[in-house]
Amino acid sequence: QQLQQGIFISCCYHRIQSSNWIPKSRSCTEQKVKLNRFELRIPSTFEYSASTKIRNRRRREMLYRVSFDLLLRDVLGNQKYQQFTSVPDKWKDLSFDDFVQNISKREHILIPQQTNLNQYLEIGQKKLTQIRGLGSLRSLFSRLIELLVIGDRALWLQEKGREAVVGIFAPEEVTPRNTIIISS
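Residues numbered from 1 in each chain as written. Predicted model: local features only at pLDDT ≥ 70, side-chain atom pairs only at ≥ 80, totals over all residues. Heavy atoms only, no water.

## Some remarks on the confidence of the model for the protein chain
Averaged over all residues, the pLDDT of the protein chain equals 87, while 96% of them reach at least 70. Averaged pLDDT values over the elements of the protein chain bottom out at 83 in helix 2 (residues 37–41) and peak at 95 in helix 4 (residues 96–106). (pLDDT = per-residue confidence, 0-100. Helix = DSSP H or I, 4+ residues; strand = E, 2+ residues; numbered from the N terminus.)

## Notes on the sheet that holds strand 1 (residues 6–9)
Strand order across the open sheet formed by three strands is 1-3-2, with antiparallel pairing between neighbours. In this open sheet, the two edge strands, each paired with only one partner strand, are strand 1 and strand 2 (164–168). Direction aside, neighbouring strands of the sheet carry axes that sit 20 degrees apart on average. As defined by bridge partners, strand 2 adjoins strand 3 (residues 179–183) across five bridges and the pair is classed as antiparallel. Bridging from a neighbouring strand, Ile168 pairs with Thr179 of strand 3. Helix-sheet contacts for helix 5 (residues 117–159) involve strand 1, strand 2 and strand 3, and the interaxial angle to strand 3 is about 5 degrees. (Pairing = 2+ DSSP bridges. Axes fitted to C-alpha atoms, helices over the stretch in contact; angles between N-to-C directions. Contact = heavy atoms within 4.5 Å.)

## As for the nonpolar core
Within the largest apolar cluster, 19 residues are counted, with the highest numbers of intra-cluster contacts made by Phe68, Leu71, Phe96, Phe99, Val100 and Ile103. Of all the secondary-structure elements, those providing two or more residues to this core are helix 3 (52–76), helix 4 and helix 5. Looking at which element gives the most residues to this core, the answer is helix 3, with seven residues. Leave out the neighbours within four places in its chain, and Phe68 touches Phe84, Phe96, Phe99, Val100, Ile103 and Ser104. Of all hydrophobic cores here, the second largest spans 12 residues; its members include Leu35, Leu40, Ile150 and Ile181. (Core = buried A, V, L, I, M, F, W, Y, C linked by side-chain atoms within 4.5 Å. Buried < 20%, exposed > 50% of the residue type's maximum accessible area, 1.4 Å probe, protein only.)

## Considering the packing of helix 3 against helix 5
For any two helices packed against each other, the geometry is given by the interaxial angle and the distance between the axes. Helix 5 packs onto helix 3 with a crossing angle of 115 degrees between their chain directions and a minimal axis gap of 8 Å. Here the hand of the crossing between helix 3 and helix 5 comes out right-handed. Contacts from Arg59, Met62, Leu63, Tyr64, Val66, Ser67, Leu70, Leu71 and Asp74 in helix 3 reach Leu117, Tyr120, Leu121, Ile123, Gly124, Gln125, Lys127, Leu128, Ile131 and Arg132 in helix 5. In the contact of helix 3 with helix 5, the residues fall into 12 nonpolar, three polar and four charged. (Left-handed = near helix turned anticlockwise from the far one by under 90°. Nonpolar A, V, L, I, M, F, W, Y, C, P; charged D, E, K, R; others polar.)

## Some points on the pattern of salt bridges
Summed over all chains, the structure comprises nine salt bridges. The shortest N-O distance in the salt bridge between Arg65 and Glu61 comes to 3.1 Å. One end of the pair, Arg65, and the other, Glu61, are both in helix 3, four residues apart, so they sit about a helical turn from each other. Connected through salt bridges with shared partners, the residues Arg57, Arg60, Glu61, Arg65, Asp89, Lys92 and Asp93 form a single ionic network. (Salt bridge = Lys/Arg side-chain N within 4 Å of Asp/Glu carboxyl O.)

## A closer look at the side chain of Ser183
With respect to the helices and strands, Ser183 occurs in strand 3. On the accessibility criterion, Ser183 (2% relative accessible area) is buried. Those residues in contact with Ser183, other than ones at most four positions away along the chain, are Gln4, Gln5, Gly6, Phe8, Leu157, Arg162, Glu163 and Ala164.

## Some points on the environment of Glu30
With respect to the element layout, Glu30 can be found in helix 1 (residues 26–30). Classification of Glu30 by relative accessible area gives exposed; the value is 56%. Between the C-alpha atoms of Glu30 and Arg132, which are 102 residues apart in sequence, the distance is 35 Å.

## Regarding the environment of Arg60
When you line up the elements, Arg60 lands in helix 3. The exposure class of Arg60 is partly exposed, given its relative accessible area of 29%. Sequence separation between Arg60 and Asp93 is 33 residues; the distance between their C-alpha atoms is 7.9 Å. The contact partners of Arg60, leaving out residues within four places of it in the chain, are Lys92, Asp93 and Leu94. At 2.6 Å, the side chain of Arg60 forms a polar contact with the backbone oxygen of Lys92. (Polar contact = N/O pair within 3.5 Å; in protein donor to acceptor, adjacent residues only side chain to side chain.)

Structure below.
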């Protein structure tokens, strides 16, 4: 039995099997549109609908991670970003001193006792401001990427002889992934 009507709500565009997005429609394929997983992730990295508590916690964690990275570059003499597994949520509510103590203990990194952690926190805040500026530039592309993927899916359905209508089903404040494809 063939599907008579379908409603598609898109999300999580970056969760694909391959490292690059493969368009479904002939139009996007012919235009040689290419997006990788990182680029597809851009629409899902914004804090539109998070609560104030979660938004503040995420911003504090970002500040702490950037500041800790700067600290490690000095302590370890390594100029590459040091990746760590995620930290427990309760660590994100700690002071920076306690955060550094916990993560350095977990990762077996010796931080000299006389280290001025406030200095790293201040420098980290300046660096985070620069990073957020780049994030503003990224946000310009967020909706475009999302609409490209949705448009490709709608075109593919039309190429298969289906009717496809793209619309908005909720305000952006409710959910940033608010586009819908109705196909019949």
